[in-house]
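# Residue-level structural notes
Here is how the chains run, residue by residue.
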Amino acid sequence: MPIDLTGITNENEFYTHHYLAAILEGDLKSLFEAWAQQERPPWESLRALARPFQAIDRETDAAERQALRQKWFSDLFSVLGYSLSPDVVELEGGTQLSLAGQVTRANGQPELWILECLDGAEEDDPLAAQEEILTKQVFAAAEPPRWVLLRGAKQLLLLDRMKWPSKRFLRFDLAEILGRRELSTLKATAALLHRDSVCPPDQISLLDRLDENSHKHAFAVSKDLKYSAREAVELIGNEA
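Below you will find a few notes about this structure. Being a predicted model, the structure only gives us computed values, none of them experimental. (Residues numbered from 1 in each chain as written. Predicted model: local features only at pLDDT ≥ 70, side-chain atom pairs only at ≥ 80, totals over all residues. Heavy atoms only, no water.)

Turning our attention to the side chain of arginine 171. Within the secondary structure layout, arginine 171 lies in strand 8 (residues 169-173). At a separation of 2.7 Å, a polar atom in the side chain of arginine 171 contacts the side chain of glutamine 155. The contact partners of arginine 171, leaving out residues within four places of it in the chain, are Gly7, Ile8, Thr9, Glu11, Asp124, Asp125, Pro126, Leu127, Gln155, Leu156 and Leu157. (Helix = DSSP H or I, 4+ residues; strand = E, 2+ residues; numbered from the N terminus. Polar contact = N/O pair within 3.5 Å; in protein donor to acceptor, adjacent residues only side chain to side chain. Contact = heavy atoms within 4.5 Å.)

The structure is reproduced here in structure tokens:
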């Protein structure tokens, strides 16, 4: 049975839709098997965050609700292998950008930035207030990060600088994912967002390997379709 990706939106084909539907499960099998040997696999820790997440909206005091949300996201990123150390970076033109956390390469250059949605931005879409900042400042910086994790109140977006010009990214609807608590969805969420998958030290990332497989599969499908179309034309020609 294929992985249930309900709650994970493949915006503008971050990976090809067919790859996610038919191939992804096989490519993640070895990772899931390795994680299953752990005392508590990441997807179990992710499942445990469901109740605290749902409790946030029941808090009536706005300041306390925000504090609960900050604590919850800190726990989430810890589950996903990230250590949050808030920082401020200066972009071109002297613009100061607050980071919730970051991952750097061995040479000190940025590999991944974790950004919070701007205050007052719409909860429905974290990109609403930050798309221009991402395009003109973050990914256009002299030393830009390869990856950005952008969090809103109930969503987490995974952005790749290489795919950003086409606005291709993965959107994780946390309310949907944690509300349903479907095991295969939790496993896919953990696999696609975990630090070891996105930016492991000194090795090709799992996400880049998945991307390579997605392109290979798309090329193979395109080639098969081309030959099928040629055969169909030849058959029609012969019948004529």
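The next thing to look at is the packing of helix 2 (residues 24-36) against helix 8 (residues 183-193). Where helix 2 contacts helix 8, the two axes come as close as 11 Å, and the packing angle between them is 100°. Taken together, the axes of helix 2 and helix 8 are roughly perpendicular relative to one another. When helix 2 is examined against helix 8, the residues Leu28, Leu31, Phe32 and Trp35 are found in contact with a partner set consisting of Lys187, Ala188, Ala190 and Ala191. Looking at side-chain class alone, the contact of helix 2 with helix 8 contains seven nonpolar, no polar and one charged residues. (Axes fitted to C-alpha atoms, helices over the stretch in contact; angles between N-to-C directions. Parallel < 35°, antiparallel > 145°, perpendicular 65-115°, else oblique. Nonpolar A, V, L, I, M, F, W, Y, C, P; charged D, E, K, R; others polar.)

Turning next to the sheet that holds strand 1 (residues 8-11). Spatial strand order, 1-8-7-6-5-4: six strands in an open sheet with mixed pairing. The sheet is open, and its two edges are formed by strand 1 and strand 4 (101-104), each paired on a single side. On average, each strand axis in the sheet is inclined to that of its neighbour by 15°, with strand direction left out of account. In terms of strand pairing, strand 7 (residues 155-160) meets strand 8 through five bridges, oriented antiparallel. Residue pairing across strands places leucine 158 opposite leucine 170, the latter belonging to strand 8. On the sheet, helix 8 packs against strand 1, strand 6 (147-151), strand 7 and strand 8 and is oriented at approximately 135° with respect to strand 8. (Pairing = 2+ DSSP bridges.)

Bringing the packing of aromatic side chains into the picture now. In total, this model carries 10 aromatic pairs according to the counting rule given. Summarising the aromatic geometry, the rings of phenylalanine 32 and tryptophan 43 are spaced 5.9 Å apart at their centres and angled 90° between planes, so their arrangement reads as edge-to-face. Taken as a pair, phenylalanine 32 in helix 2 and tryptophan 43 in helix 3 (residues 42-48) lie far apart in primary sequence, 11 residues in all. Looking at tryptophan 43, the relative accessible area reads 8%, which means it is buried. Ring geometry for tryptophan 72 and phenylalanine 73: centres 5.0 Å apart, planes at 90°, overall edge-to-face. Classification of tryptophan 72 by relative accessible area gives buried; the value is 3%. Assessed through its relative accessible area of 2%, phenylalanine 73 is described here as buried. Taken together, the aromatic side chains of Phe53, Trp72, Phe73, Phe77 and Tyr82 make up a single cluster linked through ring pairs. The lysine or arginine in question, lysine 163, covers the ring of phenylalanine 14, its NZ or CZ lying 3.9 Å from the ring centre. Its guanidinium or amino end placed over the ring of tryptophan 164, lysine 167 lies 4.7 Å from that ring's centre, counting from NZ or CZ. (Phe/Tyr/Trp six-rings, centres within 6.5 Å; stacked < 30°, edge-to-face > 60°. Buried < 20%, exposed > 50% of the residue type's maximum accessible area, 1.4 Å probe, protein only. Lys NZ or Arg CZ within 6 Å of the ring centre and 35° of its normal.)

The analysis is restricted to geometry; functional conclusions fall outside its scope.
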